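If you want the building blocks of each chain, they are given just below.
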Amino acid sequence: MLFHLAEPAALLGIVLALLIGIYAHDTAQVIVARLLQDRGLRSGRLTASLKDRVSPFSAVAMLIAGVGWTEPIPMNDVWRKRRFHVAVAVLAGPLAYLVLAFVAIIGFKFVSQPLIIVEGTRIVELAGAGGFSAKLVLWLAVTFASLFIVSLIPIPPADGGRVLFGLGPQSPSWRKAEYQLRENNVGIVILLVAILLPKLFLGFPSVVDQLVLPLLGGLGDIINLHIR
């Protein structure tokens, strides 16, 4: 996010997407958990403040890179008979990001200015950002898509890591690996490296950046919007 201080539309889009995404993510998980009657779910998360939803480490990632993760919502992870119920509730969070990204893409279709490219005898019409509103909506879509990708990384505290270890075997080695990742903050370090290093060092491969454009392109294809 710090790299877009000179771009008002991008900066505003990122900030709005983070705020909307965080609350939508938690709301989706809480609603699904309640529908599945998860007794381990604690009340009050829907009214919790932003500092209770985002850890300091994730806040740093959001401030620098414009993407991060939310604090896990307590659910009944221990009861193995309900591990699939917990997985469904957890995955409702990433799904909320994906839905928001799709909504932003729909909005982008109406405010963007098309680019016409001639390739031989074929004319291709692509989506172009254009004015302030188009850039704003585009960055909403990019940030929502980035949040979706980060949330599915199979490392705690990301949602993907919670699902992986929740559905995985309960052998001593598997539990030890989860303990190292979760309790010793090894997972946080890995997430920070994956998110921040590509922003701080040019040329460092970024999983998020490599997947965002194909994801947005696929969402755009649904509504016949071609995004480069």
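Residues numbered from 1 in each chain as written. Predicted model: local features only at pLDDT ≥ 70, side-chain atom pairs only at ≥ 80, totals over all residues. Heavy atoms only, no water.

What follows covers helix H4 (residues 83–111). Its 29 residues give H4 an end-to-end C-alpha distance of 43 Å, which sits within 8% of 42 Å, the value for a rise of 1.5 Å per residue. Considering bend angle alone, the principal kink of H4 is centred on Gly 93 and spans about 30 degrees; proline Pro 94 follows within four residues of it. (Helix = DSSP H or I, 4+ residues; strand = E, 2+ residues; numbered from the N terminus. Expected span 1.5 Å × (residues − 1). Bend = angle between axes of the 7 residues up to and from the residue.)

Of all hydrophobic cores here, the largest spans 45 residues; its most connected members are Trp 69, Ile 105, Phe 144, Ile 195, Leu 196, Val 212 and Leu 216. Breaking this core down by element, the ones donating at least two residues are helix H1 (8–35), helix H3 (56–65), H4, helix H5 (132–151), helix H8 (186–200) and helix H9 (207–222). The element best represented in this core is H5, accounting for 11 residues. Ranked by size, the runner-up nonpolar core spans nine residues in total, among them Ala 33, Met 75, Ala 89 and Val 90. (Core = buried A, V, L, I, M, F, W, Y, C linked by side-chain atoms within 4.5 Å. Buried < 20%, exposed > 50% of the residue type's maximum accessible area, 1.4 Å probe, protein only.)

This part is about the side chain of Thr 70. You can see Thr 70 is positioned in the loop between H3 and H4. Not counting chain neighbours up to four residues away, the residues in contact with Thr 70 comprise Ile 22, His 25, Asp 26, Arg 53, Tyr 97 and Pro 157. (Contact = heavy atoms within 4.5 Å.)

For the rest of this paragraph, the subject is a nonpolar patch on the surface. Residues Val 189, Val 193, Leu 200, Phe 201 and Phe 204 make up a contiguous nonpolar surface patch of about 460 Å² in total accessible area. You can see Phe 204 is positioned in the loop between H8 and H9. Accessibility expressed as a relative area gives 38% for Phe 204, which makes it partly exposed. (Patch = residues over 30% accessible without salt bridge, like charges linked within 9 Å, V, L, I, M, F, W, Y side chains within 5 Å. Areas by Shrake-Rupley, 256 points an atom, 1.4 Å probe, with all protein chains shown as cover. Salt bridge = Lys/Arg side-chain N within 4 Å of Asp/Glu carboxyl O.)

Interhelical geometry of H1 versus H4 gives an angle of 140 degrees and a closest axis separation of 7 Å. The handedness of the crossing between H1 and H4 comes out as right-handed. Along the contact surface, H1 presents Ile 20, Gly 21, Ile 22, Ala 24, His 25, Ala 28, Gln 29, Val 32 and Ala 33, while H4 presents Val 88, Ala 89, Val 90, Ala 92, Gly 93, Pro 94, Ala 96, Tyr 97 and Leu 100. The residue makeup of the contact of H1 with H4, split by class, is 14 nonpolar, four polar and no charged. (Axes fitted to C-alpha atoms, helices over the stretch in contact; angles between N-to-C directions. Left-handed = near helix turned anticlockwise from the far one by under 90°. Nonpolar A, V, L, I, M, F, W, Y, C, P; charged D, E, K, R; others polar.)

Packing of H5 against H9 leaves a shortest axis separation of 9 Å and a crossing angle of 120 degrees. Compared by their axis directions, H5 and H9 come out oblique. Relative to H9, H5 is oriented so that their crossing is right-handed. Taking contact as the criterion, the partners of Ala 141, Val 142, Ala 145, Ser 146, Phe 148, Ile 149 and Val 150 in H5 are, on H9, Val 208, Leu 211, Val 212, Leu 215 and Leu 216. When grouped by side-chain class, the residues that make up the contact of H5 with H9 number 11 nonpolar, one polar and no charged. (Parallel < 35°, antiparallel > 145°, perpendicular 65-115°, else oblique.)

Our focus in this paragraph is the environment of Leu 100. As for its placement among the helices and strands, Leu 100 is situated in helix H4. With 80 residues separating them along the chain, Leu 100 and Ile 20 place their C-alpha atoms 8.9 Å apart. Residues within four places of Leu 100 in sequence aside, it is in contact with Ile 20, Gly 21, Ala 24 and Phe 144.

Honestly, that's just the spatial picture; any functional story needs more than this.
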